[in-house]
Every structure is written in C-alpha cells, then in structure tokens.
Amino acid sequence: MFSRRMFLAFGASAGLSACARRPTEVTRTAVPEIAPPAPVPDAYGAIWDEPFPVPAIPPGVVDPELFRRHVPSPHAGLGAGTVIVDPDAAFLYLNEADGQALRYGVSVGAEGFGWSGTARMQYKRAWPRWTPPDEMVARQPQYEPYSIANGGMDPGPGNPLGARALYLFQNGEDTLYRIHGACEPQYLGKSVSSGCIRMLDQDVIDLYNRVDHGAEVVVLKSMKPDRLMSLY
C-alpha cells in the first residue's frame with residue numbers, strides 16, 4: 001500500500017533528482033606559451049664609471065636586430081673609418097679595414113627633418129652641452145632657456161645629446177646636425193628626431209672611442225616619400 005510517508009519520500013527523491021545537474025564536459029583551451037623577451041647583450045648593461053650613470057637597456061624593448069654587431073659592410077668601397085648612415089634601415093655602419101663593419105641601430109630625422117649628404121666629423125665631445133638652434137627655439141619656445149644666447153643646457157641625464165656627441169661639418173661650416181646619444185630605447189629604429197642621428201648611450205660611447213677626428217660621414221638619401229629634405 002502506497003502510504004503518505006512513502007509518497008513524501010518519493011517526492012523528495014524526485015525533487016532532488018530534478019535539481020541535480022548532469023556533469024558537463026569542460027573543454028580546456030590550450031594557452032599559448034609566451035616566449036620570454038630576448039636577452040639583452042652584456043654591452044647594454046648599466047655603466048657606472050661615467051660622470052653620470054647610464055641605465056641598462058631593459059629586455060623586450062629594443063628589436064634585437066638593432067643591437068651592435070659585426071657584419072659584412074654593404075659600403076666597403078667607402079673605406080675604413082668611414083661612417084655610413086642608412087636612414088631607411090635605421091643602421092649606422094663604421095667601416096673596418098677587412099671589409100667588415102660595426103653596425104649600430106639608430107633613430108633618424110622625422111618627417112621634414114631628414115637629410116642626406118657627406119660631412120666630416122669635425123670634433124666630438126663627451127657629455128656635451130646642448131644648445132638648440134634658434135630655428136628650433138622658434139618652433140618650440142620651451143627651449144628658450146637653453147638657447148645659444150643663454151648658454152645651453154648643462155650635461156647630464158636630461159640633456160638631449162646624452163653621453164656623447166659627434167659634430168658634423170660641411171665645407172668647414174657646422175651643419176647643426178649631430179650623431180649623439182640619449183635615444184630612448186623604445187624609439188630606436190624610428191624616425192623621431194629633429195634631423196640628428198640618435199643612438200643608445202652605450203653605442204655612442206663605443207662609437208666615440210672608435211671614430212677619428214675628421215672621419216667622413218655619409219648619410220644616404222632616404223627613399224621614403226616622407227623624408228625628402230637633403231643637405232644638397
């Protein structure tokens with residue numbers, strides 16, 4: 001006989017069965033492994049034996065192709081000791097005697113400020129003062145305190161020329177263009193400067209120690225349509 005107690009027990013059991021969820025199959029999507037950033041060469045560590053500290057280049061910021069390395073020179077015919085800048089590739093080459101070259105990554109002139117030509121490295125300075133040209137001060141009045149008339153900016157970590165500067169002359173006259181340091185790592189390889197050739201401080205220190213006074217500097221003409229200004 002189906003008693004009231006049996007009825008209640010059956011109802012409770014049915015209720016529990018109705019509320020219970022069937023186990024569902026969980027499909028796990030494989031998470032792709034993220035490769036760690038390429039290691040930074042030892043040459044780009046912090047430098048502490050300079051008048052001002054040079055910070056290390058952090059991993060994962062600079063394209064490894066832009067780090068300094070020896071390569072066969074694509075411009076070996078220009079002779080040993082010549083500096084060649086390829087603005088489109090963002091490379092600077094220092095030719096060596098055996099057909100090789102030291103290749104450095106650089107940043108170059110932004111639109112309207114690129115230039116090409118042949119110059120002489122008239123002189124070079126360690127931790128130079130920065131004196132923006134009057135034309136730059138006219139465009140960017142915030143630099144007026146550092147104008148030529150006001151004596152420029154003291155050397156140091158905030159100086160736009162960085163740890164070293166090489167001064168380029170044509171026919172005995174200052175072009176106002178420089179090869180210098182203070183390139184922020186994230187901008188290496190990009191067209192961001194006001195015409196100057198910027199390098200990581202570690203690289204410009206290395207170049208400074210290798211290049212001779214009077215060295216020929218050849219800046220190739222850009223084939224990109226946004227940089228057509230030339231020294232010629």
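Higher on the page you've got the structure.
Residues numbered from 1 in each chain as written. Predicted model: local features only at pLDDT ≥ 70, side-chain atom pairs only at ≥ 80, totals over all residues. Heavy atoms only, no water.

Asks: Looking at this model, I keep getting lost on the overall build of the chain. Mind explaining?
Replies: Along its length, the chain carries three helices and 11 strands. Split into buried and exposed, the 232 residues of the chain put 39% on the buried side. Only carbon and sulfur atoms are counted for the fraction: they give 56% of the accessible area of the chain, which is about 13800 Å². (Helix = DSSP H or I, 4+ residues; strand = E, 2+ residues; numbered from the N terminus. Buried < 20%, exposed > 50% of the residue type's maximum accessible area, 1.4 Å probe, protein only. Areas by Shrake-Rupley, 256 points an atom, 1.4 Å probe, with all protein chains shown as cover.)

Asks: How do you make sense of the side chain of serine 73 when you look at a structure like this?
Replies: If you trace the backbone, serine 73 turns up in the loop between strand E1 (69–72) and strand E2 (83–86). Here the side chain of serine 73 touches histidine 75 through a polar contact of 3.1 Å, landing on its backbone nitrogen. Among residues more than four places away in sequence, those in contact with serine 73 are Asn95, Gly99, Gln100 and Ala101. (Polar contact = N/O pair within 3.5 Å; in protein donor to acceptor, adjacent residues only side chain to side chain. Contact = heavy atoms within 4.5 Å.)

Asks: Help me understand the nonpolar core in this model?
Replies: The nonpolar side chains of soluble globular proteins are, as a tendency, buried together. Counting 24 residues, the largest nonpolar core has Val83, Leu92, Ile179, Ile197, Met199 and Leu207 as the members making the most contacts within it. Within the residue set of this core, elements represented by two or more residues are E2, strand E3 (91–95), strand E4 (100–105), strand E6 (117–126), strand E7 (164–170), strand E8 (173–180), helix H3 (201–210) and strand E11 (216–219). Take this core: its biggest share by element is three residues, from H3. Filtering out sequence-adjacent residues up to four positions away, leucine 207 remains in contact with Leu92, Leu94, Tyr104, Leu166, Ile179 and Met199. Formed by 13 residues, the second largest nonpolar core is a distinct cluster that contains Val62, Leu66, Cys183 and Leu200. (Core = buried A, V, L, I, M, F, W, Y, C linked by side-chain atoms within 4.5 Å.)

Asks: Quick question: what am I supposed to make of the pattern of salt bridges here?
Replies: Pairing between side chains becomes possible if they bear opposite charge and their charged atoms approach one another. For the coordinates displayed, the defined rule picks out nine salt bridges. In this structure, glutamate 65 engages arginine 103 in a salt bridge whose closest nitrogen and oxygen atoms are separated by 3.4 Å. Taken as a pair, glutamate 65 in the loop between helix H1 (4–19) and E1 and arginine 103 in strand E4 lie far apart in primary sequence, 38 residues in all. Here glutamate 65 falls in the partly exposed class, since its relative accessible area comes to 41%. A relative accessible area of 10% means that arginine 103 is categorised as buried. Here arginine 178 ties to aspartate 174 by a salt bridge, and the two come within 2.7 Å at their closest N and O atoms. Relative accessible area serves as the criterion here: at 13%, arginine 178 is assigned to the buried category. (Salt bridge = Lys/Arg side-chain N within 4 Å of Asp/Glu carboxyl O.)

Asks: Explanation requested: the packing of aromatic side chains in the structure shown.
Replies: Pairs of aromatic rings are described using the distance from one ring centre to the other and the angle between the two planes. Tallying each qualifying case throughout the model produces seven aromatic pairs. Their ring planes at 70° and their centres at 6.2 Å tell us that phenylalanine 91 and tyrosine 93 sit as a pair that is edge-to-face. Considered together, phenylalanine 91 and tyrosine 93 belong to a single accessibility category, that of buried residues. Measuring from centroid to centroid gives 6.4 Å for tryptophan 130 and tyrosine 146, while their planes differ by 40°, and the two rings are tilted. (Phe/Tyr/Trp six-rings, centres within 6.5 Å; stacked < 30°, edge-to-face > 60°.)

Asks: Would you take a moment to explain the sheet that holds E1 for this structure?
Replies: Within a sheet, each strand pairs with its neighbour through backbone hydrogen bonds, oriented either parallel or antiparallel. Ordered by their spatial adjacency, nine strands build an open sheet running E1-E4-E3-E2-E11-E6-E7-E8-E10, and the pairing between neighbours is mixed. At either margin of the open sheet sits one strand with a lone partner, and together these are E1 and strand E10 (197–198). Pairing of E2 with E11 involves three bridges; the strand directions are parallel. For valine 85, the partnering residue across the bridge sits in E11 and is valine 219. (Pairing = 2+ DSSP bridges.)

Asks: Sorry if this is basic, but what is going on with the pairing of E6 here?
Replies: Within a regular strand, side chains alternate between the sheet's two faces. As paired elements, E6 and E11 share four bridges and run antiparallel to each other. For glycine 117, the partnering residue across the bridge sits in E11 and is valine 219. Where E6 and E7 come together, six bridges link them in antiparallel fashion. Across the sheet, lysine 124 pairs through a bridge with leucine 166, a residue of E7.

Asks: Could you clarify how one ought to interpret unusual backbone geometry in this entry?
Replies: A negative phi angle is the norm for most residues apart from glycine, just as the trans form is the norm for most peptide bonds. In this model, alanine 90 sits at a positive phi of 60°, which is unusual for a non-glycine residue. In this fold, alanine 90 is placed in the loop between E2 and E3. Judged by its relative accessible area of 4%, alanine 90 is buried.

Geometry only, nothing functional implied.
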